[in-house]
Each structure stands twice: as structure tokens, then as C-alpha cells.
Amino acid sequence: MDERSPRRPRARSEATRRLAETTEAPASPTQSIPTTAPGRWDGISPTTAASAVDDAGPARTSTGIRRRSTAASRRSGVPSLTSRTTLAQRTQGNFTLAGPEETPQMRLAHEPFVHPGYAELNPSYEQPANAKPVWSLAKPLPRVVRPGMVPTKEELLQARANAQLPAENSQKLGLDVDPNDLELGQIEPRADPRKIAAQVEDARVQRENNFLNRILTGEGAPTRRLSRASSVRPRRSSVLEAPEPGEVPVETPVTPGKQSVPEVSDEPLQPVLEHPDEHKIETQQQDSQHPAEEEEEEEEEEEDHGITEFPPLDSAAYPEDLHPLVQELVEDEIHNNHTTWSVIRTHHREALAEALAVFVQLTVGISVDLSVTLADAGNPNTTGWCWGFAAMMGIYISGGVSGAHMNPTITLMLWFYRGFPKRKIPSYFAAQFLGAFVAALAVYGLYHRSIAVYLASHADINVINSFVTSQRMSWIDPATAFFNEFLGTLCLTVTVLALGDDQNAPPGAGMNSLIIGFVVACLSMTFSYQTGAAFNPSRDFGPRLALLAVGYGSELFTNPYWFYGPWAGSLTGAFVGAFLYDAMIFTGGESPVNYPWERTQRAMRKSRKKWKRRLRFAKRKKMAQ
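All values derive from a computational prediction rather than experimental measurement.

### So, the overall build of the chain
1) Next: The number of helices and strands found in the chain is 26 helices and 0 strands.
2) Next: Out of the 625 residues belonging to the chain, those deemed buried represent 37%.
3) Next: At a minimum sequence separation of 6, the contacts of the chain that also span at least 24 residues come to 75%.
4) Next: In the form shown here, the chain has an accessible surface area of approximately 36,100 Å², with 58% of it arising from carbon and sulfur atoms.

Here it is in C-alpha cells:
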């Protein structure tokens, strides 16, 4: 016992205790590390345990388990054999004001406690972060393959039938170029645009031919999706990491009260195959339920002649706006469905998250506008800061689920320039406008008595301007109001795309939300003097409908600003801003600016034909009923 005064023992989590046990060095080379006793369960989830082991450093014990670093050993009571290093030694004198150096111990300190059995009862907790694309303002935007990027089967077969020599178009113009450099896109700028176009065509043909060869040989063909009856998650291993040759694997039980015994075998693990009868029954049920849709899909396939025929793919399982080549790479999500509502939330989680983010953002934003107005002595810059932090709050709320667009123009811009699925646009629009409408009603109800007192001695125009945007001064004509919203949305869009471009200068993890909040605050202070700076149709139209519902007259819509400002101005500003960024900076092929216009026209024609068939089918179905 320590001779110092007795103190209350410090509570230690199960993860810390288990990690400390595995880091104790053996007294001799023949002494083994104690493993988990039978009947006691490891409290560290496989994800956390693997990260803790990987971060511990290259030192290993005789049985293959890595030991933690010396700092971690000091925390667990094991004496250190390495001298303590200073910050000056670790940074070689290059001091930084960005905070302390990130160490495995600091990362471990920010790891949450995971109770034994939590991952088994909540399997989505260990779902990979990038299991599906999320067009989010809180992190870099996904890179997706769009229909215009992929050649059709007819184009590929025609290219194979009329095979041309490498760099044939460039050589016809007298250019001495390396075909390998062309395929990599290494094209020198020239005064003659025809020579540049010839090299671009040669590079595209070579890349597409290589793409076709990989698919035909099976090298680049995606694996077939598993049926719903089979498991899409690989079973977790009972060991933390694979042992090196000659080492004895150390077992970590994953089931309470049981000691699993690993079987050593040189045969590689085989994937779980789906049961043929179950797949056959499921396919027959789908065919019987949707015969007309299957017929439309076959017509679509005949018209498009896409490359999806090279590996046989189940087209009924893919969303209509996502290319099968991409959909094969997207792992099915895993959900925690414990109640009836959890199932409903699973299918509408993105729309619900978007509505909640818009509600919080506009509740805070409209409230600060109303507070400054009713106080009659507030600082206008206060509203700008609060609108920025309100946008930050909304992005933190739903950025990882719906992307926290909170703006119909941002949603449309991401669809056109970044491949956001168009099937989600209606639900996003409904969520954004509904969240804005409910937020305005909530704020009006909260400030109802204060508004009544204020209107006893003031005109109601200031209260209306706290909820909606309009020309703040009598000399602001329609053209000025339009371009005020246009330029503000253009700056916002360019910044959003720059923050989402992982090849530009993306900020650190979790910083996108804060930076966009500061951007919104800056733009609010810059452009709010003339119109109130909407930059967002739902931010203006939802509260406008709420005021109409609580008794304000139709004069809310007599001024056409509500259309050419927040709607036309912000929409054109978003599309022009995205075009400018992609034309001057962005290099990804998912933007229509960066692949041939003929491909874009082909994709648009296909989309129009699909919607025409849908409308005709819907009319026939309605008439039959």
C-alpha cells in the first residue's frame, strides 16, 4: 500500500482495463501474455481494438500482439524504458500554435466507451463511414461515375470494329506524341485548337478501350450483389489481426461465456453464396409484381445498349439514376431496426434529417432577426453572425445523413454538376420547405406577444422583413435585387464546391461545417443591406407561406421579388457559380463541363424517354383503375 493519504480509486472503463492487460510485457520470453478468462467478455469493439493495436507502434511480443507505446504503459502503471521526449525534440524546434501533437494516446482519449455487446445489438455502429455516397456539405463530395462518362456498348463495339492506331488522330495532324502520355492526359497547350482536340480524342479512345478490355477479361468487372436472404457483412474474426508466419495467433473471444478456438487452415475463406432457390423465388416475386416495369427496363436496355451486358447484372436492384457499375461498389447499409418507427425512419431518414436541420437553422436565424427588430436598438451585424452559426448547426445536425443542403438550389446544383440522385430531389424539396414553414410558425408563436406590443407603435413592415426577404430600400429596383441574390449565391456555391473538392485544399475533419458557417456570416453581412440575403428559395418561401397562414394579407406575393430574387436569382447564381468553378478549377469527370457535350445530350435524351414512358404508364394505370 502507498503510504500517502488514501484516495478514492479512479474508475476505469472496460476498454482501458483490457488494453492495459494486453500491453503488460512478459517477465521472460517463455511467459505468455494472459488472455481473456473463460466466461469474461472483451469490452473493446473490434473497430476500437484494431485501431488501438495499430496505433501502438511496431513493437511486438513473442506471441504476435503489439504492445502499446511507452506513454500508454505509464498510464497503465508499467514503467517505461524510454526517456520522455519534449515538444521541441519531436518537432525539431518548429513550434506550432495549432495545438499539441496528435498521439495514439490522444486519439484513444477521444474514443468513446463501447459497452460489451453494443455492436452486436446495434450492427450499424460499425458500418463503414463511406459505405454509400453522401453529397454532404460537411465533408468532401463523393466521386461517382455518371452515365455520360461511360461509353455505350454500341460506341465500344464500333471502336473495336474500326480499331485505330494509338494516337492516330494526332499523327494525322503531324504531331509526334507518346500514346502513353496521351492516355495519362499529358497534353501540351498549342495555338491550334484542332491539334488539342485530336489529342484529347486519342486519349479518350485509349482509356475507353482499356476500360472495355478490363471488363471483357473480368479484371474490372464488379462482383454480383448478394440477395436479401444472404449476409452482406463479413463475419468478424476472433483475433485482432492476422499473425505473421511462424507466430501463434492469440484469441479474443467475441461471445460472452464462450471460448472460441481458432482453426488454422491454409485454405482461403470463400464468400457466402446466395441460395439458388431463394434467389429464384425472390426474382419470380419481383417479376410478378412489376411486369410493366420489367418491360420498360428491357426496352431501355435495348435503346441504350449499355455496357451492363458485359457482366450479367441484375438491373432491377439498382436505382434508376445510378450507373450499375457504381451501384455494384456501394455496400448495402446496415440499420438498427428495433421498432416500427425505426423502419419508417430508415426509409425516410435523409428527408427527416434535412427537415430537422432546416428547422433548427431557420428557427435560430428568424429569431435573431426578430429580436434585433423588436429591441429597436440591436446591432445588424449580430444577425449576420447568428445566421452563420445557424447554418453551422444545421450542417452538424444532418451533414452525415442527408448532406445538410438546406437549400433547393444547392440540391439542384449538386444533381447537375456532381451526380446527386434525382430520385431524391422531391423528398429533399419537401423536407426543406416543410422545415422552413414549421420554423416560421414556431418563431411567430414564440414572439407573438412581443410582436403585438411592437406593432402598437410601429409598422408591420419590419416584422415582415424579419421573416422574409425583399427590397429593403425604395430605390432597389428589380435588376439590383436580382443580381444581389445572384452574386451572393454564386460566391456561396463556389466556396461550397471548393470545400468539397478533395483535390483542392479540403479542411480537416469536422471543419467544413464551421467554415461554411463563417462563409454564410460573411455573405450575410455583405449582401443583406439591399435584399436581406436569402440565397435560398425555401428560406424565403416557407416563412412567406407561414405569414400568410397567420393572417398577413396577399401583399406578400404582390411584389414579384419573391420569384426573381430567392428563386431565379439564387438558382442562376448557383448554376453559374458551379460552372465557373468546374471550368476553371475542378478536374473530375462527373461534372458535365469535363466530358463531351454529346455524352451529356445522350444522357438527357435517355432521361426524357424514361420519363415519357413513366408518364404514359401512369396514365394507362390510372385509366385502368
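Next comes the rest of the write-up.
### Section: the pattern of salt bridges
1) Next: Enumeration over the complete set of coordinates arrives at 11 salt bridges.
2) Next: Here Glu350 ties to Lys132 by a salt bridge, and the two come within 3.1 Å at their closest N and O atoms. Of this pair, Glu350 sits in helix 15 (residues 349-375) while Lys132 sits in the loop between helix 6 (118-121) and helix 7 (153-161); the two residues are 218 residues apart in sequence, bridging distant segments of the chain.
3) Next: A salt bridge links Glu590 to Arg143; the shortest N-O distance between them is 3.9 Å. Of this pair, Glu590 sits in the loop between helix 25 (561-584) and helix 26 (597-624) while Arg143 sits in the loop between helix 6 and helix 7, placing them 447 residues apart in sequence.

### A look at the state of the cysteines
1) Next: Applying the stated criterion across every chain, the model contains 0 disulfides.
2) Next: We note that Cys491 lacks a disulfide partner, and the nearest cysteine sulfur, in Cys522, lies 8.7 Å from it.
3) Next: Using a relative accessible area of 43% as the deciding quantity, one classes Cys522 as partly exposed.

### Considering the UniProt feature "transmembrane region" (unreviewed entry) in the chain
1) Next: In the UniProt entry, the feature "transmembrane region" (unreviewed entry) is given for residues 355-375, 387-416, 428-447, 481-499, 511-529 and 561-581.
2) Next: Helix makes up 100% of residues 355-375 and strand 0%, whereas the separation of the span's terminal C-alpha atoms amounts to 30 Å.
3) Next: The straight-line gap between the two end C-alpha atoms of residues 511-529 is 28 Å; of that span, 100% is helix and 0% is strand.

### Points about the packing of aromatic side chains
1) Next: Under the definition given, this model contains 24 aromatic pairs.
2) Next: Here Trp385 and Phe389 contribute two aromatic rings whose centre-to-centre distance is 6.2 Å and whose plane-to-plane angle is 20 degrees, an arrangement assigned as stacked. Here Trp385 pairs with Phe389, and both are found in helix 16 (residues 380-398), just 4 residues apart, close to one helical turn.
3) Next: Note on Trp385: relative accessible area 41%, which makes it partly exposed.

### Re the packing of helix 16 against helix 22 (residues 511-531)
Packed helices, taken two at a time, are described by their axes: the angle between them and the distance between them.
1) Next: Helix 22 packs onto helix 16 with a crossing angle of 150 degrees between their chain directions and a minimal axis gap of 7 Å. Considering the angle they form, helix 16 stands roughly antiparallel to helix 22. Between helix 16 and helix 22 lies a crossing of right-handed hand. Touching Asn381, Gly384, Trp385, Trp387, Gly388, Phe389, Ala391, Met392, Ile395 and Tyr396 of helix 16 are Ser513, Leu514, Ile516, Gly517, Phe518, Val520, Ala521, Ser524 and Met525, all from helix 22.
2) Next: Here the contact of helix 16 with helix 22 is composed, by residue class, of 13 nonpolar, 6 polar and no charged.

### Let's talk about the packing of helix 21 (residues 478-500) against helix 25
1) Next: One can describe the packing of helix 21 onto helix 25 by two numbers: an axis separation of 6 Å at closest approach and a directional angle of 40 degrees. Considering their axes alone, helix 21 and helix 25 lie oblique with respect to each other. Note on packing geometry: the crossing formed by helix 21 with helix 25 is right-handed.
2) Next: Of the residues belonging to the contact of helix 21 with helix 25, the class tally is 17 nonpolar, 8 polar and 2 charged.

### Describing the nonpolar core
1) Next: In terms of nonpolar packing, the biggest core is built from 56 residues, with Leu370, Met413, Leu414, Ile451, Phe467 and Tyr552 touching the most fellow members.
2) Next: Discounting chain neighbours no more than four positions away, the residues touching Met413 are Arg418, Thr493, Leu497, Ala574, Phe575 and Ala578.
3) Next: If you look at the next biggest cluster of nonpolar residues, it comprises 5 residues, including Ala167, Leu175, Val177 and Leu182.

### Some points on a nonpolar patch on the surface
1) Next: A cluster of nonpolar residues, Val576, Phe579, Leu580, Met584 and Ile585, forms a patch on the protein surface that exposes about 460 Å² of accessible area.
2) Next: Within the element layout of this structure, Leu580 appears in helix 25.

### A look at a positive patch on the surface
1) Next: A surface patch of like charges, here positive, comprises Arg605, Arg608, Lys609, Lys612 and Arg616.
2) Next: Within the secondary structure layout, Lys609 lies in helix 26.
3) Next: On the basis of relative accessibility, which here comes to 43%, the residue Lys609 falls in the partly exposed class.

### Re helix 25
1) Next: Over its 24 residues, helix 25 runs 32 Å from end to end, which matches the ideal 34 Å to within 8%, given 1.5 Å per residue.
2) Next: Along its length, helix 25 shows its largest kink, about 30 degrees, at Ala568.
3) Next: Elements that come into contact with the buried residues of helix 25 comprise helix 17 (408-418), helix 21, helix 22 and helix 23 (537-549).

### Considering unusual backbone geometry
1) Next: Although it is not a glycine, Ala167 sits at a positive phi angle of roughly 60 degrees.
2) Next: For Ala167, the location among the structural elements is in the loop between helix 7 and helix 8 (168-172).
3) Next: Residue Ala167 is classed as buried on the basis of its relative accessible area, which comes to 1%.
4) Next: Positive phi, normally seen in glycine, also occurs at Ala533, with a value near 60 degrees.
5) Next: Inspection of the secondary structure assignment puts Ala533 in the loop between helix 22 and helix 23.

### Quick notes on the side chain of Ser591
1) Next: Looking at the element boundaries, Ser591 is found in the loop between helix 25 and helix 26.
2) Next: On the accessibility criterion, Ser591 (0% relative accessible area) is buried.
3) Next: A distance of 2.5 Å separates polar atoms of two side chains, one belonging to Ser591 and the other to Asp582.
4) Next: Beyond its immediate chain neighbours, meaning those up to four positions away, Ser591 contacts Tyr417, Arg418, Asp582 and Phe586.

### Looking at the environment of Tyr447
1) Next: Turning to its location among the elements, Tyr447 is positioned in the loop between helix 18 (425-446) and helix 19 (448-455).
2) Next: The sequence separation of Tyr447 and Ser371 amounts to 76 residues, and the corresponding C-alpha distance is 8.8 Å.
3) Next: Leave out the neighbours within four places in its chain, and Tyr447 touches Ser367, Leu370, Ser371 and Leu374.

### Observations concerning the side chain of Lys424
1) Next: With respect to the helices and strands, Lys424 occurs in the loop between helix 17 and helix 18.
2) Next: A polar side-chain atom of Lys424 sits 3.2 Å from a polar atom in the side chain of Glu350.

Parameters and conventions
Residues numbered from 1 in each chain as written. Predicted model: local features only at pLDDT ≥ 70, side-chain atom pairs only at ≥ 80, totals over all residues. Heavy atoms only, no water. Helix = DSSP H or I, 4+ residues; strand = E, 2+ residues; numbered from the N terminus. Buried < 20%, exposed > 50% of the residue type's maximum accessible area, 1.4 Å probe, protein only. Contact = heavy atoms within 4.5 Å. Areas by Shrake-Rupley, 256 points an atom, 1.4 Å probe, with all protein chains shown as cover. Salt bridge = Lys/Arg side-chain N within 4 Å of Asp/Glu carboxyl O. Disulfide = S-S within 2.5 Å. UniProt positions renumbered as here; feature names shortened; annotations may be inferred. Phe/Tyr/Trp six-rings, centres within 6.5 Å; stacked < 30°, edge-to-face > 60°. Axes fitted to C-alpha atoms, helices over the stretch in contact; angles between N-to-C directions. Parallel < 35°, antiparallel > 145°, perpendicular 65-115°, else oblique. Left-handed = near helix turned anticlockwise from the far one by under 90°. Nonpolar A, V, L, I, M, F, W, Y, C, P; charged D, E, K, R; others polar. Core = buried A, V, L, I, M, F, W, Y, C linked by side-chain atoms within 4.5 Å. Patch = residues over 30% accessible without salt bridge, like charges linked within 9 Å, V, L, I, M, F, W, Y side chains within 5 Å. Lys, Arg positive; Asp, Glu negative; His and termini not counted. Charge placed at Lys NZ, Arg CZ, Asp CG, Glu CD. Expected span 1.5 Å × (residues − 1). Bend = angle between axes of the 7 residues up to and from the residue. Polar contact = N/O pair within 3.5 Å; in protein donor to acceptor, adjacent residues only side chain to side chain.

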